Amino acid sequence: MNKIRIGTRDSQLALYQANLVKDKLFVLGVESELVLLKSAGDLDQKTPLNKIGFTGVFTKRLDQALYNNEIDIAVHSLKDLPTVSPEGIEQIAILERATPTDVLVLKNGVDECSAHSTIATGSIRRSAQWLHRFPSHKTEGIRGNVPTRIQKLNASLCDGLILAKAGIHRLEITSNQYIDLEWMVPAPGQGAIGVTALTTFNLTANIRKILNHSDSEICTQIERRFLNLLEGGCSAPIGALAEIKQQTIYFKGRLNSLDGKQQVEVTRDFPLEDANQIAAWAVDQIKINGGQKILDQLKRSAHTATIYSTKKLHKSQIELFPPSLQLLANDFIKIEALDFDLSTVDFQLPLIISSKNAIQVVLEKAPHFFEKFTTIYCVGEKTKNALSTLTQANIHVENNAKKLADFVIKNKSEHSLTFISGQQRLSTLPQLLTANGIKINEIHVYKTILSPIAIEAAHEAVLFFSPSAVKSYYVLNNIKNKIAFCIGETTAKEARKHFDNVHFPKDPSIEGVLQLVKSHYD
């Protein structure tokens, strides 16, 4: 067995967690090595976490490393992981959980806070719960890894700093006194370490057998399900804790308003066999006892603009959308299969495929078509993930057509390729390839049909992912004073026929468009 490549952030705490996984694997004869990576949350040490603009702020870089085959597994603080895994990635193990509670780290050995203290925390949950208990206090945002936050506390005017007890213990920090905050309900999954991998990873069962702790998995699944059902797309101060003692699950869930003035809590014991019912029951109780009003207030206060997408996005993409904006979506184009002939395909040549739609259309006609190739080039992670379940071929992915064409031109030894595409596909890829002497057998397998929709909801900007979508939107909607965010230059060219304010990203991908929206409204 080759060494397992373990992806991790390079903070002191992250390295502790990754080395813990490495040591557990080693004890049972599995060799591994660490691959250190920096996340968006590590690079941006100033912006409050709930304002950065997407969930997975500490995990997305590790996800990308899995997709790019830079690592085999990724190790995370479980509370950092989005409750919905990105497409093609799964949680494969939860290590035995450490103490899940929070502590108040005291400045310079001070053993109590005054009636008007200022408490530092980077968490809206901790801030809201603290202000509910101590309404005369103030809270102040703080960012950085655990040692950095403690250094900032000692250099600041704050009286204390709230941290996870597990982090204090794992890093053996003794420079400051701390007080256990037993009354504070922790973040869902706090104190637990999660391990993720691609769904195609062939050693999942082995790794899970070594690392997974059943009780910790059950409890954190309940907490994260509670968060998923309750949060509803808004960034909310939510705490949850499930514990198992003698075949009984003790659960506590809490929701606060941002200022801490409102709080709704639910507490109940359940038999272990009812584990799957706890989260839904708790969410219902929170909502009917005042929680729905808090959630509605949070959503209203959070949204600074409403954006309409002309394409329904995947859950993992929606999680990249800034929580301060409201996203509405519908599909403005439909796919219709063409009458195409696959008999001219030479399976010894590489295949290029640029959309998941093309895969679905081909499968309906030839279910085993993709199994016959040894090399496939594709555009987009969704396309790659769909292909990986259909073939053992060597798959190379780039996030846009130009990058894929550049890769093929630079790295290939072939002079001919098969290109499966839609009838209205962009010309970028075939033009670049043919200009470099590569012969293309192009087969159009579907066409897009305009599906206009009259949008009643007020919105100030529109997301377009193809020129056809621009045409479809224009049929029934007023474009006056609206902003067009487009996936690329060709789509932007069509949008400029109707919109005065048109933007497109350097990275022509859905993720690039969403990042462009975030930058615009920041």
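What you are looking at is a predicted structure, and each value in this text was computed from that prediction instead of being measured.

1. Remarks on the overall build of the chain
Helices and strands together make up the secondary structure of the chain, namely 17 helices and 24 strands. Referenced to the eigenvectors of the C-alpha coordinate spread, the extents of the chain come out at roughly 75 × 60 × 45 Å. Relative to its 522 residues, the chain shows a buried fraction of 50%. Intrachain contacts of the chain at a sequence separation of at least 6 include 63% that bridge at least 24 residues. Carbon and sulfur atoms make up 48% of the accessible area of the chain, which amounts to about 24,700 Å² in all.

2. Quick look at the side chain of Thr-8
Tracing the backbone shows Thr-8 in strand 1 (residues 4-9). A distance of 3.3 Å separates a polar side-chain atom of Thr-8 from the backbone oxygen of Ala-14. Ignoring anything within four residues of it in the chain, the contact list for Thr-8 reads Ala-14, Leu-15, Ala-18, Val-35, Leu-36, Leu-37, Leu-62 and Val-75.

3. Overview of the pattern of salt bridges
Summed over all chains, the structure comprises 15 salt bridges. As a salt-bridge pair, Arg-9 and Asp-80 come within 3.7 Å of each other at their nearest N and O atoms. Placement of Arg-9 in strand 1 and of Asp-80 in the loop between strand 3 (73-77) and strand 4 (89-94) is noted, with a sequence separation of 71 residues between them. Residue classification places Arg-9 among the buried residues on the basis of a relative accessible area of 15%. Salt-bridge contacts for Asp-80 lead to Lys-79; the nearest nitrogen and oxygen are separated by 3.9 Å. Take Lys-79: its relative accessible area is 38%, and that puts it in the partly exposed class.

4. Some thoughts on the environment of Thr-448
Of note, Thr-448 is situated in strand 21 (residues 439-450). With 278 residues separating them in the primary sequence, Thr-448 and Arg-170 have C-alpha atoms 55 Å apart. Sequence-distant contacts of Thr-448, defined by excluding residues within four places in its chain, comprise Ile-333, Lys-334, Ile-335, Gln-424 and Ser-468.

Calculation notes
In this numbering scheme, every chain counts its residues from 1 along its sequence in written order. In view of the model being predicted, local features appear only for residues whose pLDDT reaches at least 70, and side-chain atom pairs are presented and counted only at 80 or more, with totals across whole chains, interfaces and linings using the full set of residues. Excluded from the side-chain calculations are hydrogens and water; all other atoms, namely the structure's heavy atoms, are used. Labels follow the DSSP assignment, with helices taken as runs of H or I lasting at least four residues and strands as runs of E lasting at least two, numbered in each case from the N terminus. Buried residues are those whose accessible area, probed at 1.4 Å on protein chains only, stays under 20% of the maximum for their type, while exposed residues exceed 50% and partly exposed ones sit between those limits. By definition in these notes, contact holds between two residues if any of their heavy atoms fall within 4.5 Å. Per-residue accessibility takes into account occlusion by the displayed protein chains alone, with areas from the Shrake-Rupley method and a 1.4 Å probe. Under this definition, polar contacts are N or O atom pairs within 3.5 Å; protein pairs additionally need one hydrogen-donor-capable and one acceptor-capable atom, and for neighbouring residues in sequence, both atoms have to be side-chain atoms. By definition, a salt bridge exists where a carboxyl oxygen of Asp or Glu is found within 4 Å of a side-chain nitrogen of Lys or Arg.

Everything listed here is a matter of geometry and, on its own, says nothing about what the molecule does.
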